[in-house]
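# Commentary on secondary and tertiary structure
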Amino acid sequence: MMFPGVFQAEKENWGGNGRLTLRMVARKVALLSCVIRTLMSIAERALGFRYWADQGQRYSTPTEQHLGEANSLDTDLTFDCSSFRSQYEFRLPARALCAASCPPAWRSEPDLRFLRSTLRTLPSFRRYSPHMQLKLAKVIRYERFGRGRVVVKRGQRGSSFYFVFSGIIAVTQDLDGSSAFTDQEPILMRKGAGFGEVALLKGLRRNATVVCVEDTELLVVDKEDFFSHQLDQELQK
């Protein structure tokens, strides 16, 4: 049987060791994060483009501020999810952005292959055949919209279809998309989603409004390019 005084001593000893272990684990995680940032920086310089957004403060080596904080057991260790997301959100690489921003006739075969390989990270793009993917890479264009921007409006005829590369969009039944910011559970689509191809292919009117909930990157295929490059025939297959 354990006496109250002994039990209290064991409890205090366990609590102290538990806090020490947690701090050591947190320090190792912070150190690993710094090392990963350094390796990413080296890879970005070698590849010539950046896969990750650079919206927050970054440290080039693991020997600067983060490492100093990680080595101090007296530092309060916290994790800010929003900070992590803003620094490491996937964005369209510069080379793919350049290819998708220039006219189709100017795009070289290496540019098309690179653009296709980048877009293959999207599930909605991978469902097409390799031949169709190359055709899409030939005509697809880049758009970036801010929060609150209406992409398509309910009732309008389809003139484009879209792939979501980053950001979040909402599907609503009102014309201005304002309900996306007031509904408790709006219908959301994120990176990898695609929409609008049926309305474009069949000439139908949009049955919903799509609005950007945050800054959003879209890859767009317009009606003129869609039919002039016979993508309708490939899509029907």
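Residues numbered from 1 in each chain as written. Predicted model: local features only at pLDDT ≥ 70, side-chain atom pairs only at ≥ 80, totals over all residues. Heavy atoms only, no water.

- Per an unreviewed UniProt entry, the protein goes by the name Cyclic nucleotide-binding domain-containing protein 2 and belongs to Lepisosteus oculatus.
- Per UniProt, the protein carries the Function (unreviewed entry) text "Essential for male fertility. Plays an important role in spermatogenesis and regulates sperm motility by controlling the development of the flagellar bending of sperm."
- Note on the protein: under the UniProt heading Subcellular location (unreviewed entry), the record states "Cytoplasm, Cytosol". (UniProt positions renumbered as here; feature names shortened; annotations may be inferred.)

## Quick look at the sheet that holds strand 3 (residues 160-166)
- Strand order in the open sheet formed by 4 strands is 1-8-3-6, and the pairing between neighbours is antiparallel. Pairing within the sheet leaves two strands with one partner each, and these edge strands are strand 1 (141-145) and strand 6 (194-195).
- In this sheet, strand 8 (residues 216-222) lies alongside strand 3 in antiparallel orientation, the contact comprising 6 bridges. The partner of Ser166 across the bridge, within strand 8, is Glu217. (Pairing = 2+ DSSP bridges. Helix = DSSP H or I, 4+ residues; strand = E, 2+ residues; numbered from the N terminus.)

## Things to note about the packing of helix 4 (residues 94-101) against helix 5 (residues 109-119)
- Two elements in contact, helix 4 and helix 5, have axes whose closest approach is 9 Å; the angle formed by their N-to-C orientations is 115°. As for the relative orientation of helix 4 and helix 5, their crossing is left-handed in sense. Mapping the contact onto sequence places Arg95, Ala96, Ala99 and Ala100 in helix 4 and Pro110, Asp111, Phe114, Leu115 and Thr118 in helix 5. (Axes fitted to C-alpha atoms, helices over the stretch in contact; angles between N-to-C directions. Left-handed = near helix turned anticlockwise from the far one by under 90°. Contact = heavy atoms within 4.5 Å.)

## Focus on the layout of surface pockets
- Space inside the second largest pocket adds up to approximately 240 Å³.
- If you trace the second largest pocket, you find 13 residues lining it, with Phe195, Gly196, Ala199, Arg206 and Asn207 closest to the centre.
- In terms of residue count, the dominant contributor to the lining of the second largest pocket is helix 8 (residues 197-202) (3 residues).
- By residue class, the composition of the lining of the second largest pocket is 8 nonpolar, 2 polar and 3 charged. (1 Å grid on protein atoms, 1.4 Å probe; cavity = no way out; pocket = protein on both sides within 12 Å on 5 of 7 lines; lining within 4 Å. Points joined across faces, edges and corners; volume = space filled by probe spheres on them. Nonpolar A, V, L, I, M, F, W, Y, C, P; charged D, E, K, R; others polar.)

## Some thoughts on the environment of Gln233
- Secondary-structure assignment places Gln233 in helix 10 (residues 231-236).
- With a relative accessible area of 42%, Gln233 lands in the partly exposed category.
- In the structure, Gln233 is positioned 32 residues away from Leu201 in sequence and 9.6 Å away in space, judged by C-alpha atoms. (Buried < 20%, exposed > 50% of the residue type's maximum accessible area, 1.4 Å probe, protein only.)

## Let's talk about unusual backbone geometry
- Here the phi dihedral of Gln230 falls at roughly 60°; this positive angle occurs in a residue that is not glycine.
- Turning to its location among the elements, Gln230 is positioned in the loop between helix 9 (223-228) and helix 10.
- With relative accessibility at 44%, the residue Gln230 sits in the partly exposed group.

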